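If you want the building blocks of each chain, they are given just below.
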Amino acid sequence: MGAYVIRRLSYGAVVVFGVLFLLFILFFAVTSPDDIARKALGERVPPAVVEQWKVNHGYDKPLFPAPGHWADNMLVEHYRRMLTFDFGRSDADDTPILERIRKGMGPSLALTIPLFVLSVLVAIPLSLLVAFFRETYIDRAGVILAVLAMSVSVLLYIIGAQYLVGKVLHWFPISGFDSDPRVIVRFLALPIMIGVANGLGGDIRFYRTVFLEESNTDYVRTARAKGCGEIRIMSRHVFRNSLIPLLTRIVVAIPFLFTGSLLLESFFGIPGLGAITVDAIQGNDFSVLRTMVYIGSLLFVVGQILTDLSYALVDPRVRLE
Amino acid sequence: MTALLQVAGLTTCFPMSQKNVPIVDALDFEVGRGEVLALVGESGSGKSMTALSLMRLVPKPGRITAGSVRLDGQELLDLSVRSMRSVRGSGVAMIFQEPMTSLNPVIRVGEQVVEAIRLHERVSRGAALDRCRELFEQVGIPDAAERVNAYPHQLSGGLKQRVMIAMALSARPRLLIADEPTTALDVTVQAQILRLLQELQEETGMSILLITHDLGIVNELADRVAVLYAGRIVETAPRTALFKTPKHPYTQGLLRSMPALAPSGERLPEIPGMVPSPSDWPLGCRFASRCARAMDQCSQSLPEFTDQGPRHTVACYAVSQADSQSGHGWAGGTPEGL
Amino acid sequence: MESHLASNGIVAALFLAAGVTVWMVRRSRLWSSAFVSLWRRRRFALLVTGVYVAVALLDSVAWVGGDSLAVDTVARHEARSVIDRVFGGNQEKSYSAPFAEAEFYGGGDLRYPGRHWLGTDMIGRDIFYLTLKGARVALLIGGLTSLIAIPLALLFGISAGYFGGRIDDVVFFLMTTLASMPGLLLLIALIMVMGKSTLAVCVALAVTGWVGFCRVSRGETLKLRELEFVSAARSLGVSEFQIVMRHILPNLMHLVIITFVLMFSGLVLSEAILSWLGIGVDGSWGQMIDQARNELSRDPIVWWNIAASGTALFGLILAVNFVGDALRDVLDPRTIEDER
């Protein structure tokens, strides 16, 4: 068990190193610090100003290691900063990035955690129901509805729901955020409902396939042969075996709760990490974008490890060695 | 006294390329109390589907389209879904060919047997677990007390099949259907499992419907044999009669190709040709295309069953014709399975 | 090179490819029976997809001149497609509702009263015309991206699966690394770094999209490599390259088709999100939807722009999803149930 975790962690570390290298290529080699400076300052600034900006933002070292500066270059600097969470300042407005992330985490989690929990709680029972009625009209209708739901662009969900609920029905404010627990629900209800609706089609289709695959197995036939009822078969035999593929989808999603939702946050004016990222895209803020990709990858690697460990909980055949 | 299980005209169809094909076609047979009936046939002859039809567990899109299955005089095909569920396990229990995949991999084996017990009897978990340990000892699982806590993957194939047998016995069924119970096991383990089935049958007095393609197993275990070819029974006979005087050309071919019965040092005789696939079964006798004694009649219509000895019936024009010419037909006894 | 010539060339190449595909499908019993059963199951979805493809093709064949309708003189010297010639050129000054006789705001006269079936947008362009033009953009995004991603995935997947060892380690590491980066963020980062253009969007989508199929083709190759006919070919001294071309690749074809169709709808939907973030492809339905956001808050509201582009997008994705679903059932042996 211990050895397994160590091995898994070290492979994760290697992957993080790879991600950082890719980020360096994208944000330093392809888009050079000069490009970044010009994007921030404008095209027509004198070279001296660009140089000064690069010094201020810590972009003033040579890119790659070479004789004379083996340790003192952007590549090493990039790894050092990222690995120590020293993210520096925004290219666009000079605010400390770490500070912004800290502030954005709360609103993001307030949106994504209920969204995630609700998605799972709605999608799994619904897909169990659809799988239970396999090869009937209920199943066929369920599959068709799921494909219909999947085919609608998330933009249409957002715009449509915002229009309907905010402008016509006036149930909730159309956008904004207030962390006061008494009113937070009013701001989050709509984005959460849209998020659930948007994911539902794909979720149901995936879970249904998993449940159906499990219900065609020999041990389900055995359970029937010993006199098990269909409901018991679904809830006990099929569901417990389905947990293995389900976990792959669910546990992996958990780390992404921290990075928030790009679309929902910026559409609904929730000041979370997703909204920060969208601002960075629109403001050519490379340092913020870079940091967000890195944090996202880091969390994904953690999620992968968690998933592998969680297999051992639901599948007695998995031994962590 | 009537037989424990009476099957008449049982037909199970599967839709294949736009038409309904009877994979199991108008089967008539019965299993007496305490009797072991072997249902013999090649793969694809419909043996397993017959077993699943008796349990009313035919997988979709298949369907039982006609016939009657009576257990102790009770018509199973007319039962409600709920009553059928209580018959499964306690009236008719079943063990399968693949012990490796037939147990739920994420539930402890003891728990799976306990579930089977408590589905049919109102007993506490503790009492059921005690029963489970007894059953494990009965089916010869060593260290039964500990093994109840094992997961299927921790047991060998033979032990898994013993667990399956214990589970099948848990609700004291009157009929046990054993569908190729030893095919997936090592040869040495096969013999042990067969002996176990025989002992358990003698102990409990239950009837067994043994489904197999292996005539060796039939010879060891069966009281009577029904030979299945392409969805239809071609010959039914007591074991000794079948091995001594097989009548149907297919049965004869089957027996000749058994290594133990063939003269050593010679090439085993084989039946020429292949089993026709269900979608192009002929109008007449399904063995006609491979039969050395086939006549015009054979491909036109299905032969009726004729009596060939005590409880020995055959469906073959060549056999019945030879009888009428020589006058040696069997006149006594009762027609089988009607 | 003139861009319309390239576009015409691509159309010709597509027709050639379609011809070859039809010829090959008709030669193989497996493929033609798969197509027949697909047609039987999803006739309507296939027809809808066909209409989209036809519109996109008509919008890709373009030539210069031969025009009397063009209002501005510049248009006379531009290459214009069949769609441009039939539906284009009826520009207004501002919004007008479907079939309207006058401008929507202010009520000024229209140049072409009653001719705008789906109304016009803020700068007076005909929505029906723009919606038709969006088909080409959507198919370009899906097609070009797949054309980059699928060969890449096959190359890496097959070499990793077939040769194993070091190659497999490297490919596997590359896949894990790319898969670890949040898809949308990596997509955005790539486009920002490459600069905004149709090709950049497609390349970015391909880079983030090839990993999934690479994993599938690696796994499938691993399985195929162990099969008897491959070992037989190897023992007969067939070269590795020939084994891959003759035995591995053809057995991955069904997965290529399924992946292409299932990937397609995801790509077009992703582009819509990118459009909303301001880094999409010009003229896409995503952009039209994006513009419509403000129109919905006008009073009285302008609804026809989003209705037209949203419906067009939904129709294509739905049709492709239905075809993809059926295709998977028809082609993937894992879902073909044992008939007994």
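This next bit is on the overall build of chain A. Each helix and strand in chain A was counted, giving 13 helices and zero strands. In chain A, the order of α-helices and β-strands from amino to carboxyl end is α-α-α-α-α-α-α-α-α-α-α-α-α. Each principal axis of the C-alpha atoms in chain A carries an extent, and together these give about 80 × 60 × 35 Å. Per-residue burial over chain A gives 51% buried out of 321 residues. When contacts within chain A are restricted to residue pairs at least 6 apart in sequence, long-range pairs at least 24 apart make up 69% of them. Put simply, chain A shows about 14,500 Å² of open surface, and 66% of that area lies on carbon and sulfur atoms. Computing the positive centroid from 30 side-chain charges and the negative centroid from 27, chain A places the two 8 Å apart.

Within helix H13 (residues 285-295) of chain C, eight of the 11 residues are buried, which leaves the element mostly enclosed by the surrounding structure. The set of residues buried in H13(C) consists of C:Trp285, C:Gly286, C:Gln287, C:Met288, C:Ile289, C:Asp290, C:Ala292 and C:Glu295. Packing partners of the buried residues in H13(C) comprise helix H7 (154-169) of chain A together with helix H3 (43-58), helix H6 (127-163), helix H12 (253-276) and helix H14 (304-331) of chain C.

Chain A puts 22 residues into the contact, and the matching count from chain B is 28 residues. Counting every contact that joins chain A to chain B gives four salt bridges. Here B:Glu115 makes a salt bridge to A:Arg232, at a shortest N to O gap of 2.7 Å. Those elements that place two or more of their residues in the side of chain A that touches chain B are helix H9 (218-225) and helix H10 (230-253) of chain A. When the residues that make up the side of chain A that touches chain B are grouped by side-chain class, the tally is five nonpolar, five polar and 12 charged.

Under the criterion given, the structure shown has 19 aromatic pairs over all chains. Here the aromatic rings of A:Phe206 and A:Tyr207 are separated by 5.8 Å at their centres, their planes lie at 70°, and the arrangement is edge-to-face. The interplanar angle of 80° and the centroid separation of 5.7 Å between the aromatic rings of C:Trp303 and C:Trp304 together place this pair among those described as edge-to-face. For C:Trp304, a relative accessible area of 2% puts it in the buried group. One aromatic cluster is present, formed by A:Phe24, A:Phe28 and A:Phe64 through successive ring pairs. The ring centre of A:Tyr137 lies 5.2 Å from the NZ or CZ of A:Arg140, which sits over that ring.

Here A:Thr307 is to be found in helix H13 (residues 286-314). Apart from residues lying up to four places away in sequence, A:Thr307 is in contact with A:Leu247, A:Thr248, A:Val251 and A:Val252.

Residue and element names in this part refer to chain B. Taking 1.5 Å of rise per residue, 14 residues should cover 20 Å, and helix H5 (residues 125-138) covers 20 Å from first to last C-alpha, within 8% of that figure. Of the positions making up H5, those classed as buried are Ala 128, Arg 131, Cys 132, Leu 135 and Phe 136. Along the axis of H5, the buried positions cluster into a sector of 140°, meaning they face one direction only. On its buried side, H5 packs onto helix H4 (109-120), helix H6 (144-147) and helix H7 (157-169). Taken from the residues just after H5, Gly 140 is the one with a positive phi, measuring 75°.

To continue, consider the confidence of the model for chain C. In the predicted model, chain C carries a mean pLDDT of 82, and 93% of its residues have values of at least 70. Predicted complex metrics record ipTM = 0.85 and pTM = 0.82.

Residues and elements named next belong to chain B. One open sheet holds the four strands; their spatial order is E2-E1-E4-E5, and the pairing between them is antiparallel. Here the strands that pair on one side only, and so sit at the sheet edges, are strand E2 (19-31) and strand E5 (74-75). Sheet topology note: the strand E1 (residues 5-16)/E2 ladder contains nine bridges and is antiparallel. Considered in E2, the bridge of Phe 14 is made with Val 21. The strands touched by helix H1 (residues 47-54) are E1, E2 and strand E4 (63-71); relative to E1, the strand with the most contacts, the crossing angle is about 115°.

Here we come to unusual backbone geometry. Residue and element names in this part refer to chain B. Note that the residue after Lys 60, namely Pro 61, is joined by a cis bond; omega there is 5°. Relative to the helices and strands, Pro 61 is located in the loop between H1 and E4. For Ala 230, which is not glycine, the phi torsion reads 50° and is therefore positive. The class of Ala 230 is buried, set by a relative accessible area of 0%.

All names here are of chain B. Within strand E8 (residues 207-212), six of the six residues are buried, which leaves it mostly tucked inside the rest of the structure. Of the two faces of E8, both are covered, the one formed by Ser 207, Leu 209 and Ile 211 as well as the one formed by Ile 208, Leu 210 and Thr 212. Where strand E3 (residues 36-40) lies against E8, five bridges are found, and the strand directions are parallel. Bridge pairing in E8 places Leu 39 opposite Ile 211. Where strand E7 (residues 175-179) lies against E8, five bridges are found, and the strand directions are parallel. Within E8, the residue paired with Leu 176 across the bridge is Ile 208. On the question of chirality, the crossover connecting E7 to the parallel E8 by way of helix H8 (residues 187-204) is right-handed.

On to the packing of helix H12 (residues 273-282) of chain A against H13(A), then. Residues and elements named next belong to chain A. In contact at an axis separation of 8 Å, H12 and H13 are set at 140° when each is read in the N-to-C sense. Accordingly, the angle class assigned to the pair H12 and H13 is oblique. The handedness of the crossing between H12 and H13 is left-handed. Residues Leu 273, Ile 276, Thr 277, Ala 280 and Ile 281 of H12 form the contact with H13, whose participating residues are Val 288, Leu 289 and Met 292.

With 154 residues, the main nonpolar core has A:Phe27, C:Ile188, C:Ile248, C:Leu277 and C:Trp285 as its most contacted residues. Each of domain 1 (2-83) and domain 2 (100-314) of chain A gives at least three residues to this core. Discounting chain neighbours no more than four positions away, the residues touching C:Trp285 are C:Tyr52, C:Thr131, C:Gly134, C:Ala135, C:Ala138, C:Ser309, C:Ala312, C:Leu313 and C:Leu316. Ranked by size, the runner-up nonpolar core spans 104 residues in total, among them B:Val92, B:Ala93, B:Ala128 and B:Ala144.

Moving on, we come to the interface of chain A and chain C. Each partner contributes residues to the interface: chain A has 47 residues there, and chain C has 38 residues. Remark: the boundary between chain A and chain C carries one salt bridge. Note that C:Asp325 is salt-bridged to A:Arg205, the shortest N-O span being 2.3 Å. Those elements that provide at least two residues to the side of chain A that touches chain C are helix H1 (2-30), helix H6 (137-150), H7, helix H11 (262-268), H12 and H13 of chain A. No other element matches H1(A), which puts 10 residues into the side of chain A that touches chain C. In terms of residue class, the side of chain A that touches chain C is made up of 33 nonpolar, 10 polar and four charged.

Let us look at the sheet that holds strand E6 (residues 92-95) of chain B. The pairing of strands in a sheet happens through backbone hydrogen bonds and is either parallel or antiparallel. All names here are of chain B. The eight strands are arranged E6-E7-E8-E3-E9-E10-E12-E11 in an open sheet whose pairing can be described as mixed. In the strand order of this sheet, the two ends are held by E6 and strand E11 (305-309), each with one partner. The average undirected angle you get between the axes of adjacent strands in this sheet is 20°. Direction of pairing for strand E10 (residues 232-238) relative to strand E12 (residues 312-315): antiparallel, over a ladder of two bridges. Counted as the bridge partner of Glu 235 is Val 314 from E12. Contacting E3, strand E9 (224-229) and E10, helix H11 (residues 249-256) crosses the sheet at an angle of about 105° to E9.

Attention shifts here to the confidence of the model for chain A. A low pLDDT score tells you not to read the predicted coordinates there in detail. Looking at chain A, pLDDT values average 85 and 99% of them are 70 or higher. Ranking the elements of chain A by mean pLDDT puts helix H2 (residues 33-41) of chain A last, at 80, and H9(A) first, at 92.

Relative to the elements of secondary structure, B:Gly205 occurs in the loop between H8 and E8. With near-sequence residues (within four places) excluded, B:Gly205 lies in contact with B:Gly34 and B:Leu200.

What counts and what doesn't
- Residues numbered from 1 in each chain as written.
- Chains lettered and ligands numbered in written order.
- Predicted model: local features only at pLDDT ≥ 70, side-chain atom pairs only at ≥ 80, totals over all residues.
- Heavy atoms only, no water.
- Helix = DSSP H or I, 4+ residues; strand = E, 2+ residues; numbered from the N terminus.
- Buried < 20%, exposed > 50% of the residue type's maximum accessible area, 1.4 Å probe, protein only.
- Contact = heavy atoms within 4.5 Å.
- Areas by Shrake-Rupley, 256 points an atom, 1.4 Å probe, with all protein chains shown as cover.
- Lys, Arg positive; Asp, Glu negative; His and termini not counted.
- Charge placed at Lys NZ, Arg CZ, Asp CG, Glu CD.
- Salt bridge = Lys/Arg side-chain N within 4 Å of Asp/Glu carboxyl O.
- Nonpolar A, V, L, I, M, F, W, Y, C, P; charged D, E, K, R; others polar.
- Phe/Tyr/Trp six-rings, centres within 6.5 Å; stacked < 30°, edge-to-face > 60°.
- Lys NZ or Arg CZ within 6 Å of the ring centre and 35° of its normal.
- Expected span 1.5 Å × (residues − 1).
- Arc of directions from axis to C-beta.
- pLDDT = per-residue confidence, 0-100.
- Pairing = 2+ DSSP bridges.
- Axes fitted to C-alpha atoms, helices over the stretch in contact; angles between N-to-C directions.
- Right-handed = clockwise from strand over helix to strand, strands pointing away.
- Parallel < 35°, antiparallel > 145°, perpendicular 65-115°, else oblique.
- Left-handed = near helix turned anticlockwise from the far one by under 90°.
- Core = buried A, V, L, I, M, F, W, Y, C linked by side-chain atoms within 4.5 Å.
- Domains from an automatic or database assignment.

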